[in-house]
Amino acid sequence: LKSVTLSASLTQIGYPSERGYNSNSVNIFNGSASLEKIYFRSVSPPSFYYTEDIESLYQEYPKLKVYVPQGTLNAYKNSDWYPFAKYMEEYEYADLPFDYISTDYSKDGTITTLQTATKGEGIDIVLMGDAYSDRQIADGTYKADMKNLYNNLFTEEPYKSFKDHFNVYYVNVVSATEGYEYENTALDGYFGDGTLVGGNDNAVFNYALNAISEEKMDEALLIVSMNSDNYAGTCYMYSPTDNDDWGDGVSISYFPVGEDETALEQVLHHEAGGHGNRYSLLGSEE
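Heads up: these notes are all about the structure in this document. (Residues numbered from 1 in each chain as written. Predicted model: local features only at pLDDT ≥ 70, side-chain atom pairs only at ≥ 80, totals over all residues. Heavy atoms only, no water.)

Side note on the packing of aromatic side chains
In step 1: The final tally for this structure, using the stated rule, is 13 aromatic pairs.
In step 2: Relative to Phe191, the ring of Tyr180 has its centre 5.3 Å away and its plane inclined at 80°; by these criteria the two rings are edge-to-face. Of this pair, Tyr180 sits in the loop between β9 (166–171) and β10 (190–191) while Phe191 sits in strand β10, and the two are eleven residues apart along the sequence.
In step 3: Tyr180 gets classed as partly exposed once you look at its relative accessible area, which sits at 21%. (Phe/Tyr/Trp six-rings, centres within 6.5 Å; stacked < 30°, edge-to-face > 60°. Helix = DSSP H or I, 4+ residues; strand = E, 2+ residues; numbered from the N terminus. Buried < 20%, exposed > 50% of the residue type's maximum accessible area, 1.4 Å probe, protein only.)

Regarding the sheet that holds strand β13 (residues 234–237)
In step 1: The strand order β7-β9-β8-β12-β14-β13 describes an open sheet built from six strands, whose pairing is mixed. Bordering the open sheet on either side are β7 (111–115) and β13, each of which pairs with just one other strand. Mean inter-strand twist for the sheet, computed between neighbouring axes without regard to direction, equals 20°.
In step 2: Of the strand pairs in this sheet, strand β8 (residues 123–130) and β9 are connected by six bridges, and their pairing is parallel. Looking at the pairing, Val126 lines up with Tyr169 of β9.
In step 3: Relative to β8, helix α4 (residues 141–153) is tilted by about 145°, and along the sheet it contacts β7, β8, β9, β12 (221–226) and β14 (251–256).
In step 4: Here helix α5 (residues 201–208) sits on the sheet and contacts β8, β9, β12, β13 and β14; the angle it forms with β14, its principal contact strand, is near 105°. (Pairing = 2+ DSSP bridges. Axes fitted to C-alpha atoms, helices over the stretch in contact; angles between N-to-C directions. Contact = heavy atoms within 4.5 Å.)

Concerning the pattern of salt bridges
If the charged atoms of two oppositely charged side chains come close together, the side chains can form a pair.
In step 1: Scanning the entire structure with this criterion turns up four salt bridges.
In step 2: For Arg135, the salt bridge is made with Glu178, and the minimal N-O distance between the two is 2.5 Å. Taken as a pair, Arg135 in helix α3 (residues 134–138) and Glu178 in the loop between β9 and β10 lie far apart in primary sequence, 43 residues in all.
In step 3: For Arg135, a relative accessible area of 40% puts it in the partly exposed group.
In step 4: You can call Glu178 partly exposed: its relative accessible area is 28%. (Salt bridge = Lys/Arg side-chain N within 4 Å of Asp/Glu carboxyl O.)

Remarks on the nonpolar core
For soluble globular proteins, nonpolar side chains are generally found buried alongside one another.
In step 1: The biggest cluster of nonpolar side chains holds 54 residues, and the ones touching the most others in it are Val126, Leu127, Met128, Leu153, Val168, Leu222 and Ile223.
In step 2: The set of elements that each furnish at least two residues to this core consists of β8, α4, β9, α5, β12, β14 and α6 (261–276).
In step 3: Residue contacts for Val126: discarding those within four places in its chain leaves Tyr169, Val171, Ala208, Ala211, Ile212, Leu221, Leu222 and Ile223.
In step 4: If you look at the next biggest cluster of nonpolar residues, it comprises 14 residues, including Leu6, Ile13, Leu35 and Phe48. (Core = buried A, V, L, I, M, F, W, Y, C linked by side-chain atoms within 4.5 Å.)

Description of unusual backbone geometry
In step 1: A cis amide bond, omega 5°, links Glu157 with the succeeding residue Pro158.
In step 2: Structurally, Pro158 is set in the loop between α4 and β9.

Thoughts on the sheet that holds strand β3 (residues 37–40)
In step 1: Reading across from one edge, β1-β3-β5-β6 is the order of the four strands in this open sheet, with parallel pairing throughout. Of all strands in the sheet, those with a lone pairing partner are β1 (3–6) and β6 (88–91), marking the two edges. Going across the sheet, the axis of each strand differs from the next one's by a mean of 25°, ignoring polarity.
In step 2: Pairing geometry for strand β5 (residues 65–69) and β6, over four bridges, is parallel. Pairing of Val68 across the sheet is with Glu90, part of β6.

What about the environment of Ser3?
In step 1: Relative to the assigned elements, Ser3 resides in strand β1.
In step 2: Overall, the relative accessible area of 34% leaves Ser3 in the partly exposed class.
In step 3: Dropping the residues within four chain positions of it, Ser3 is found in contact with Leu35, Lys37 and Tyr39.

Digging into the pairing of β14
In step 1: Burial within β14 is extensive, with six of its six residues counted as buried.
In step 2: Neither face of β14 is left uncovered, since the one carrying Ser251, Ser253 and Phe255 and the one carrying Ile252, Tyr254 and Pro256 both have all their residues buried.
In step 3: Where β12 and β14 come together, six bridges link them in parallel fashion. Along β14, the bridge assignment pairs Met226 with Pro256.
In step 4: Across four bridges, β13 lies against β14 in antiparallel orientation.

A closer look at the environment of Tyr76
In step 1: Tracing the backbone through its elements, the reader meets Tyr76 in helix α2 (residues 73–77).
In step 2: According to the relative accessible area criterion, Tyr76 is buried, its value standing at 0%.
In step 3: Spatially, the C-alpha atom of Tyr76 lies 8.7 Å from that of Val43, the residues being 33 residues apart in sequence.
In step 4: In this view, Tyr76 contacts Phe40, Ser42, Ser44, Pro45, Pro46, Val68, Pro69, Trp81, Tyr82 and Met88; residues no more than four positions away in its chain are not counted.

Written as structure tokens, this is what we have:
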């Protein structure tokens, strides 16, 4: 095997650990001694998990070149594939259907602190968005949507009265394209039957780790604003990893930004405030 072309719909290579915090897969190219070319067709870099020193790959395959679609080089260089950066080249992917592809990933993963708790130990809420391009980060669209989420978080009791018990952050997440007309957004957001939505929870956890530590993840609420006008929402709740307190456990609430603020506020309170935040407010007094 001298050349391999990876599908445009590919989202992950390798096997992550339970939450994707650490990697535990082996070199998937092991034994391909003649490999010279890897072609990517995805404009959003797939997640890549590995355990060994990736640079050793080139001691074994010194002629290997990695080709990525034109306009996506920066995205790949700033992704899980960064150890391959000096071996990457762009190629003309003739049937790309996109009108616009992000090229600036310099703000990807940066965090903004919206408020810091003044009482208790501080309950962490991390906001992020999916299917937003670099230009929507630059023109303030992303920031406005994150601030809108924040402004609506504490308009309902008991959160309104306990607002000063929370730490709230948002993390920039740059997708290759805007919206969900095409596949492979940064968080792999999808729409199912009815109001079912979801995404790549491991990717969400990894972005959240820019704002909070892994030790605090069990008591965190993660909120993903999807760049769509659809009406939907789903919350995914995880069991605690290091204790038997079933009031703990990280949760991820996915829902579109929607058509208007009223719809957003309702689904935010239902999915994030209702289902998502299981951590005891009274416990935060301790």
